[in-house]
Amino acid sequence: MIPRIHWPGQSGSLASVVRGVARIVFGWVGSLFGALVVAVVEGRDVVRVAGFVPSREWGVALAEFGVLGPLAVAVGLAVSCVSLFLHPAAVAPFESIAALRAQPVFQRSRTSALAALGGVVGTVWVVAVAHAARDALGNGAAEAVGVSLATTSVGMLVGLSAVALALLPIVRRALSAAASLWPGAIDPVTSAVWGLVLGLAALGWGLHVGDTGGEGRNPLAIFGVLKRHELDLRPVAGVVVISGCAWLAPLSVDQRAPRLVPFLAALGIVSASLGVTAYEAQALERDPALARALESHAPLGRVALALDRRATDRDRDGASPWFGGGDCNDHDPRISPFAVDIPGNGIDEDCSGSDLAPPKTPSRADSRPADRVVAARRYLNLILITIDALRASEVGFLGYDKPTTPNLDALASGSVVFDRAYALASYTGKALAPMLIGKYPSETLRDGSHFNTYFAGNTFLAGRLRDAGFYTMGAASHWYFHGAYGLARGFDVFDLSAMPPTGQGDSDTSVTSPQITDAALKLLAASKAGTRRFFLWVHYYDPHAQYVPHDGSPDFSEPDKKGGSPMRALYDGEVWFTDASIGRLLRYVAKEPWAEDTVIVVTSDHGEAMNEHGLAFQHGFEIWEPLVRIPWLVRAPGLTPHHVPVKRSVIDLVPTVLDLMQVSQPPQGELSGQTLMNDLERPDLGYEERDVYIDMPDGPYTHMRRAIIHGTTPGMKLIHFGANQYQLYDLARDPAESEDLASDATVLGPMLEALQTKRATLKEISVAADVPEIQ
């Protein structure tokens, strides 16, 4: 006979306390079992998707179980407390079902009607709120949208509930009448199941017919947005699994006093799991590659890892000494992997293993003539064309063998082309505005949202040119260019007439390139060009996912070629379609008398992944070469067309344009880049090798990524993933970034020094990301 837990003199209330404690402990066991299931599933995905080979058998699943342990315990406690509040007697599910079915006929029919109406109300409410949210986000700032949407959603729920209550008697009578033919019509469980099935069917159909922008022929298409990568619901599913196990496990306690042996065994399981967490906290610190694999490819593991690091960060500097956090001194917030090392002070602020050596003073023999404006130039106008998500490898003037960019190729033939140009980050919110401000993203004044708002303290290129007497104009089609976000600051007029009613969300099927060109032509016609200097910025968006086919597009498909996927063919078609609209703009400019007094600059905000490194047709999460290599050309009167073969960054765009426009440079240190006038005007001087720095601060859906590309072009590339996690690639021998050299300390050391030397020149501004509940 297995003894039960019992103390002498135990009262009824004390017995209830004992049963409550036991339910919490068994809830923990259930939640840990759920965590184990999630760890095994996500661990297999890490190995399959990332190609990660753990140093220990079952290493990935065990590591993730250790990481998930604290989260599972917290979820188990919360679920158990809710269960105790709702069901103090711990009634098993089948007993609850039996009780519902044992209700009197009238009450049972009423419950069935409520269940049926509840499913309908829930489905209609979710669809309505989703549409309201999309429309609101396309027409306003996030904070205002949040308040109005909360009010709207509550109002919708109240209204739908009122309609449901009004219909309740009708539905109840209909179900009662149907019960004469089918008794299940007044079975509350049957009604609830049918309501759930219909709701899931609506969701499934919406996912099928809707695109990632929520566009489609019926209202249910709004559910298509759930296919978007940044709305990854796998972490939610993981939490549901853990919560469900936590809810069901204590039912074994039921109404009886818990048995002693199972209770002690449950306590042992909980203690052992916490022991696994303690072990893995140290193991992940010794093996940061495993921590990085979880952070990159384990949906719920990534969230739990961030929570574990935050909980163990005693000095609150953003880095933990455990779980691969890499903090070498958790008692001093000035010392962490995120700190900038002060050269020569004898302190290893950045936890790299050594202090950064003092910078060397270059000798006169090592110096090179500073970039300067060589020719005396007449006053010029400027047209800046940026193309969203256009990767360098997909344009003809950089070597692509398909006719994606015939108009840009013609422009490039008379331009200076930068063969190895790099973006500042790999998604618009962290790349486009900083490029036009002339500072690295982490140096700008911004908020912590995914689509950053850039504050008035930033000075954009448009503002500098307007202050110099230019008439400034802009045209775009995405809701991000609304004035509240800051990108349109400094413009006399900014045309958003090409923006579709939905705001051209991040990923939809709207086609806007022809409308953008129409807006640009309208602006130029009204600008009094030729009588005053002007600056026109035009941002084309169509190459951004989602890709749609276009009539007249060449057939870019290559089914027999590696990488020749249908999606890539559609992307190429989008590039071709955008190029055609740009060509119409260029032909208009060429016919104008002021064309010979106009500089044209073409570039992109970031690239796009095409199945490289497991990323398919997306950007913004990593900074691999396809995501940050972009086209960049400059056509200006008097420039001899040529290619610049060395690596360059668009951080230099603003100072270069200011020199081209003969506008005074701001005080030293206000811009982070340097003019490239020698590259443009004096190729006979040769090309100076410069380091390229890529800077992507933390965001709600992306983690910090930074990189430096150092040495002779194409250079060595060091990627910093946070904490003490690095990857290092020799781009000359390994352009696909497949052979990580970071384990070689002799190669890693100089690159770490180059990275920290560069960071020491930056004026970084720490901005906390607006972290969502589930990333």
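Up top is the structure these notes are about.
What comes next concerns the included structure. On a predicted model such as this, the values are computed, not experimentally measured, just so you know.

## Observations concerning the overall build of the protein chain
Here's step 1: In terms of helices and strands, the protein chain carries 19 helices and 15 strands.
Here's step 2: For the protein chain, the residues scored as buried account for 53% of the 775 residues in total.
Here's step 3: Contacts in the protein chain between residues far apart in sequence, at least 24 positions, make up 68% of those at least 6 positions apart.
Here's step 4: For the protein chain, the computed accessible surface area is about 33500 Å², with 63% contributed by carbon and sulfur atoms.

## Here's the deal with the sheet that holds strand β14 (residues 716-722)
Here's step 1: The strand order β12-β13-β14-β15 describes an open sheet built from 4 strands, whose pairing is antiparallel. Of all strands in the sheet, those bounded by a partner on one side alone are β12 (692-696) and β15 (725-730). For this sheet the average axis-to-axis angle between neighbouring strands, irrespective of direction, equals 10 degrees.

## Topic: a nonpolar patch on the surface
Here's step 1: Judged by side-chain polarity, L181, W182, V193, W194, V197 and L198 come together as a nonpolar surface patch covering roughly 690 Å² of accessible area.
Here's step 2: By the secondary structure assignment, L181 is in the loop between α5 (142-178) and α6 (188-209).

## Notes on the nonpolar core
Here's step 1: One finds F535, W537 and M661 to be the most contacted residues of the largest nonpolar core, which totals 69 residues.
Here's step 2: When residues no more than four places from it in sequence are discounted, the contact partners of W537 are L384, T386, L432, L436, M473, G474, A475, F481, L487, F491 and F494.
Here's step 3: The next biggest cluster of nonpolar side chains, apart from the first, holds 39 residues, and it includes V395, F534, V538 and Y571.

## Remarks on α6
Here's step 1: End to end, α6 covers 32 Å across 22 residues, agreeing with the expected 32 Å (1.5 Å per residue, within 8%).
Here's step 2: Restricting attention to buried positions, one finds in α6 the residues P188, V189, T190, S191, G195, G199, A202 and G206.

## Focus on unusual backbone geometry
Here's step 1: For the peptide bond that leads from A545 to Q546, omega is 15 degrees, which places it in the cis range.
Here's step 2: Here Q546 shows up in the loop between β5 (534-540) and α15 (566-591).
Here's step 3: Look at the link from T713 to P714: it is a cis peptide, with omega at 5 degrees.
Here's step 4: With respect to the helices and strands, the residue P714 is situated in the loop between β13 (705-710) and β14.

## Structural notes on the pairing of strand β10 (residues 632-635)
Here's step 1: Two strands pair when backbone bridges link them, and strand β2 (residues 416-422) and β10 are joined in this way by 2 bridges, in the antiparallel orientation. Each residue of the ladder has a partner; that of V417, found in β10, is L633.

## Regarding the pattern of salt bridges
Here's step 1: Under the defined criterion, the tally for this structure stands at 22 salt bridges.
Here's step 2: With its nearest N and O atoms 3.0 Å apart, the salt bridge here joins D518 to R584. Here R584 lies in helix α15 and D518 lies in helix α14 (residues 513-525), a separation of 66 residues in the sequence.
Here's step 3: Judged by relative accessible area, R584 falls into the partly exposed class, the value being 30%.
Here's step 4: Taking the shortest distance from any N to any O, the salt bridge between E688 and R690 comes out at 3.4 Å.
Here's step 5: By relative accessible area, which is 30% here, E688 ends up partly exposed.
Here's step 6: Look at the salt bridges and you will find they share partners, linking R391, E394, R568 and E612 into a network.

## Regarding the environment of A74
Here's step 1: Mapping A74 onto the fold places it in helix α2 (residues 59-86).
Here's step 2: Relative accessible area serves as the criterion here: at 45%, A74 is assigned to the partly exposed category.
Here's step 3: Along the chain, A74 and W28 lie 46 residues apart, while their C-alpha atoms are 8.4 Å from each other.

## Quick notes on the packing of aromatic side chains
Here's step 1: All chains considered together, the criterion is met by 18 aromatic pairs.
Here's step 2: Measuring from ring centre to ring centre gives 6.0 Å for F481 and F494, while their planes differ by 15 degrees; the resulting arrangement is stacked. Here F481, found in the loop between β3 (471-475) and β4 (493-495), pairs with F494, found in strand β4; they are 13 residues apart in sequence, far enough to count as distant.
Here's step 3: Residue classification places F481 among the buried positions, given a relative accessible area of 3%.
Here's step 4: An aromatic cluster of at least three residues, connected via ring pairs, comprises F451, W479, Y480, F481, Y485, F491, F494, F535 and W537.
Here's step 5: Taking the ring centre of F721 as reference, the NZ or CZ of R292 above it sits at 5.0 Å.

## Section: the state of the cysteines
Here's step 1: Using the criterion set out here, one finds 1 disulfide in the structure.
Here's step 2: What pairs with C328 in a disulfide is C351, and their sulfur atoms sit 2.1 Å apart. In this structure the cystine formed by C328 and C351 twists about its S-S bond by roughly -80 degrees; its chirality is therefore left-handed. Here C328 is found in the loop between α10 (299-311) and β1 (381-387), whereas its partner C351 is found in the loop between α10 and β1, with 23 residues between them in sequence.
Here's step 3: By relative accessible area, which is 16% here, C351 ends up buried.

## Comments concerning the side chain of E574
Here's step 1: Looking at where E574 falls in the secondary structure, it is placed in helix α15.
Here's step 2: For the buried residue E574, which engages in no salt bridge, the nearest side chain bearing the opposite charge is R584, 14 Å off.
Here's step 3: Leaving out residues up to four positions away in the same chain, E574 has contacts with D542, P543, Q546, Y547, V548 and H550.

## Some points on the side chain of R533
Here's step 1: Its place among the elements puts R533 in the loop between α14 and β5.
Here's step 2: D597 is the oppositely charged side chain nearest to the buried, salt-bridge-free R533, at an N-O distance of 9.3 Å.
Here's step 3: Engagement of the side chain of R533 in a polar contact is seen with the backbone oxygen of L380, the distance being 2.9 Å.
Here's step 4: Among the polar contacts listed, one links the side chain of R533 to the backbone oxygen of M661, at a separation of 2.9 Å.
Here's step 5: Excluding residues within four positions of it along the chain, R533 makes contact with Y379, L380, N381, G469, F470, Y471 and M661.

Criteria and cut-off values
- Starting from 1, residues in each chain are numbered consecutively following that chain's sequence as written.
- Per-residue local features of the predicted model are confined to residues with pLDDT of at least 70, and side-chain atom pairs are confined, for both listing and counting, to 80 or more; whole-chain, interface and lining totals are unaffected and use all residues.
- Computation of side-chain values: all heavy atoms of the structure, hydrogens and water removed.
- Put simply, DSSP marks the helices as runs of H or I at least four residues long and the strands as runs of E at least two long, and each gets a number from the N terminus on.
- When accessible area is computed with a 1.4 Å probe and restricted to protein chains, residues below 20% of their type maximum are described as buried, those above 50% as exposed, and intermediate ones as partly exposed.
- Contacts between residues were defined by any pair of non-hydrogen atoms, one from each residue, lying within 4.5 Å.
- Residue-level accessible areas treat just the shown protein chains as cover; the underlying method is Shrake-Rupley with a 1.4 Å probe.
- Here, a strand pair is defined by DSSP locating no fewer than two bridges between the strands.
- Note on geometry: axes are C-alpha line fits, over the in-contact stretch for helices, and angles between N-to-C directions span 0 to 180 degrees.
- The residues that make up patches have over 30% relative accessible area and no salt bridge, and they are joined within 9 Å when like-charged or within 5 Å when they are Val, Leu, Ile, Met, Phe, Trp or Tyr.
- Note on definitions: salt bridges are taken to be side-chain nitrogens of Lys or Arg within 4 Å of carboxyl oxygens of Asp or Glu.
- Buried residues of nine kinds, namely Ala, Val, Leu, Ile, Met, Phe, Trp, Tyr and Cys, make up a nonpolar core once their side-chain atoms join them within 4.5 Å.
- Multiply 1.5 Å by the residue count of a helix minus one, and that product is the helix's expected span.
- Each Phe, Tyr or Trp ring (for Trp, its six-membered ring) is paired with any other whose centre lies within 6.5 Å, and the angle between the two planes then decides the class: stacked below 30 degrees, edge-to-face above 60, tilted in between.
- Lysine NZ or arginine CZ positioned within 6 Å of the ring centre and within 35 degrees of the ring normal marks a charge as sitting over the ring.
- Defined by distance alone, a disulfide is two cysteine sulfur atoms within 2.5 Å.
- We treat Lys and Arg as the positive residues and Asp and Glu as the negative residues; His and chain ends play no part in the count.
- Residues adjacent in sequence count toward polar contacts only when both atoms are side-chain atoms; beyond that, a polar contact is any pair of N or O atoms within 3.5 Å, and within protein one must be able to donate a hydrogen and the other to accept it.

What is shown is where atoms sit, not what they do.
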